[in-house]
Structure formats: C-alpha cells, structure tokens
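A closer look at the structure
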Amino acid sequence: MDVIKQFADYVDKSSRIVAITGAGISLSGGGVTYGQLHVTRRGAGGDDSAFLRSFLDSMFHYDPSYAHYALKELEDEGKMLGIITTNVDCMHTIAGSKNVAEIQGSLQVNCCEECGRHYDTYEIWNRKELPKCPVCGGTITPWPIYSHIDVWDKDVRKARDWISQADLILVIGTHGYYGGVYWDYRNRKAPIIQINPGRTSFDYLATLNIREGSDEAFRQLKEVRKRNGGEQKD
C-alpha cells in the first residue's frame, strides 16, 4: 500500500495524535534554524543581542509552512492532542495551533534581566529595537538565551502528559527524541510515523517512514483524505 494512503488511514483512525517537530518543519517557509544561528552568535563574538537580532530578522520575514497549518487543521478536527517542538520560532502558534509544548522555550517566554518580570508573547520582538522592560528599563531576554538552552519545565510536563495518552505519534523534521525529557513517557502502543527525507535516529522506531519533506507529505495527505471523505471540507 502507498505510504501516504497508510498515513491517511492512521490519521483517520486516530483521535489523540501527538506531533513532534524540529527544524525541518520550518525550513520550507524560508526560516533559519536555531542551530544555524549559533554560527552567527560565534561570529558576533558571543554577542547575544547580535545573535537575537539575526534570528528575529529571519523569524519575522517568513511564514509558517504548509505543514504548520496542516497540524492546525488536524487540531481543528479534534484529532490533535498536542504538538511537542524543540523549535523556538513560535511558528506553530502563529499558524494558529493552541496546544503546543515548546520544550526548549521560545520567543514567547521572555524575562527582564533586571527585575525578573515576564513578558510572554512573541509580539514584543516584532519591533525595530530590542525591547526594554517598561517598569524598570531592563533588557528583556528570551528563555533560550537566558536559560542557556535549558528545557522549559512547564512545557516538558505538558509534553509528557500528551505523549503518554497518544494513539498516534507523528515525528516531523527532527533527528532526536530527547530520551528521558519526554520520549520515555510515550504510550508504547501508539504507532509512530516519521516524516523526514533523510535518515534519523527514529528510523528503526517508526511504524512508517515517509521519505518526503513535511509540506509535500501533508499536501498528499490532504488529497488522499479528501478522496476518502475522511477530512473536514474547506
């Protein structure tokens, strides 16, 4: 059976899908990965402001990918339990998804370096200047920088809860599963579908490997589900 038809069959039979996403889901929209930007940071002599500015220039000049919106549509159908991501670009939120666990934090988790007040919205970064705290004037810094790329415990707890309930796990554009952070909590009975054109550490764990980019895989999924009558119509 064609892998996309199998993919559609799994999706149509599931009601508690959990997606795990990495940099690959954002690249088709023109985004720059967080890992790539570490090169920029080193080139700036470790200057966090120059590093952050480079990331933001990328973030606000590209849109969510087709796959981001496809996951949002599955959430609207009531099939998506949640999205677990290591991405910090907020693209799942911008696409409209509500249940997103950003396990490394993101540009939605921001703290004043002086007074510790939180400003947890990505909108504060869509400005010409880096934001300052309106209360004390201190520098506002996002979690991935002020935590030195630690995990965001609040969202790790959500990730563990969701993946323990999953009846289908989609692994999209990522290479690692973060072991005890959340992966070891997964429902072992849930099938795993990996969408990635390259080989990864998920290859031998997956029930089904789809060797496509995420946008192309979800475009094909949409067409198959429309033909089968398994998708809500536009």
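Keep in mind the model is a prediction, meaning the values are calculated, not measured.

Before going further, it helps to examine the overall build of the protein. A tally of helices and strands in the protein yields 9 helices and 8 strands. Each of the 234 residues in the protein was classed as buried or not, and the buried ones make up 50%. Pairs at least 24 apart in sequence give 62% of the contacts found in the protein among residues at least 6 apart. When the accessible area of the protein is evaluated, it comes to approximately 10900 Å², of which 47% is carbon and sulfur surface.

Now for unusual backbone geometry. Residues other than glycine seldom take positive phi values, yet cysteine 90 does so here, at roughly 65°. With respect to the helices, strands and loops of the structure, cysteine 90 is situated in the loop between β2 (80–85) and α6 (91–95).

The next thing to look at is helix α5 (residues 66–76). Restricting attention to buried positions, one finds in α5 the residues Ala67, His68, Ala70, Leu71, Leu74 and Glu75. An end-on view of α5 places all buried positions within 165° of arc, on one side of the element. Among the residues trailing α5, glycine 78 stands out with phi positive, at a value near 85°.

To continue, consider the packing of aromatic side chains. Applying the stated criterion across every chain yields a total of 3 aromatic pairs. Aromatic side chains phenylalanine 7 and phenylalanine 218 sit 5.7 Å apart centroid to centroid with 70° between the ring planes, which places their arrangement in the edge-to-face category. One end of the pair, phenylalanine 7, is in helix α1 (residues 3–12); the other, phenylalanine 218, is in helix α9 (residues 214–228), and 211 residues separate them in sequence. Here phenylalanine 7 matches phenylalanine 218 in class, with each residue buried. Relative to phenylalanine 202, the ring of tryptophan 183 lies with its centre 5.3 Å away and its plane at 80°, an arrangement referred to as edge-to-face. With tryptophan 183 in the loop between β6 (168–172) and β7 (192–195) and phenylalanine 202 in the loop between β7 and β8 (208–210), this pair connects stretches of sequence that are 19 residues apart. Both residues of the pair, tryptophan 183 and phenylalanine 202, belong to the buried class. The residue whose ring lies beneath arginine 219 is tyrosine 66, and the NZ or CZ to ring-centre distance is 4.6 Å.

A word on the pattern of salt bridges. For the coordinates displayed, the defined rule picks out 8 salt bridges. Between aspartate 76 and lysine 72 there is a salt bridge, with its nearest N and O atoms 2.8 Å apart. Residue aspartate 76 and its partner lysine 72 are both found in helix α5; the two are separated by 4 residues, about one turn of the helix. Among the residues examined, aspartate 76 registers a relative accessible area of 44% and is labelled partly exposed. With a shortest N-O distance of 2.9 Å, glutamate 77 and arginine 225 are connected by a salt bridge. On the criterion of sequence distance, the pair formed by glutamate 77 in the loop between α5 and β2 and arginine 225 in helix α9 is long-range, its members being 148 residues apart.

Core analysis: the largest hydrophobic core is formed by 24 residues, its most contacted members being Phe7, Leu71, Leu170 and Phe218. Mapped by element, the contributors of at least two residues to this core are α1, β1 (17–21), α5, β2, β6, β7, β8 and α9. Residues contacting leucine 170, with those up to four places away along its chain left out, are Phe7, Ile17, Val18, Ala19, Ile20, Leu71, Ile193 and Phe218. Core analysis: the second largest hydrophobic core is formed by 18 residues, Ile20, Val156, Ile163 and Trp183 among them.

A few words on the sheet that holds β8. Pairing between the strands of a sheet comes from backbone hydrogen bonds, and it takes one of two forms, parallel or antiparallel. Spatially, the 6 strands line up as an open sheet ordered β3-β2-β1-β6-β7-β8, and their pairing is parallel. Looking at which strands have only one partner, the edges of the open sheet turn out to be β3 (100–102) and β8. Going from strand to strand, the sheet's axes swing by 15° on average, the running direction of each strand aside. Where α1 meets the sheet, its contacts fall on β1, β6, β7 and β8, and the angle it forms with β8 comes to roughly 125°. In the packing of helix α8 (residues 153–165) onto the sheet, the strands contacted are β1, β2, β3 and β6, and the crossing angle to β3 comes to about 130°.

Angle between the axes and distance between the axes are the two parameters that describe a pair of packed helices. Relative to each other, α5 and α9 sit at 40°, their axes nearing to 8 Å. On the basis of the axis angle, α5 is oblique to α9. Regarding α5 and α9, the two cross each other, and that crossing is left-handed. Contacts from Tyr66, Ala67, Ala70, Leu71, Glu73 and Leu74 of α5 reach α9 at Ser214, Asp215, Phe218, Arg219, Lys222 and Arg225.

Calculation rules
Residues numbered from 1 in each chain as written. Predicted model: local features only at pLDDT ≥ 70, side-chain atom pairs only at ≥ 80, totals over all residues. Heavy atoms only, no water. Helix = DSSP H or I, 4+ residues; strand = E, 2+ residues; numbered from the N terminus. Buried < 20%, exposed > 50% of the residue type's maximum accessible area, 1.4 Å probe, protein only. Contact = heavy atoms within 4.5 Å. Areas by Shrake-Rupley, 256 points an atom, 1.4 Å probe, with all protein chains shown as cover. Arc of directions from axis to C-beta. Phe/Tyr/Trp six-rings, centres within 6.5 Å; stacked < 30°, edge-to-face > 60°. Lys NZ or Arg CZ within 6 Å of the ring centre and 35° of its normal. Salt bridge = Lys/Arg side-chain N within 4 Å of Asp/Glu carboxyl O. Core = buried A, V, L, I, M, F, W, Y, C linked by side-chain atoms within 4.5 Å. Pairing = 2+ DSSP bridges. Axes fitted to C-alpha atoms, helices over the stretch in contact; angles between N-to-C directions. Parallel < 35°, antiparallel > 145°, perpendicular 65-115°, else oblique. Left-handed = near helix turned anticlockwise from the far one by under 90°.

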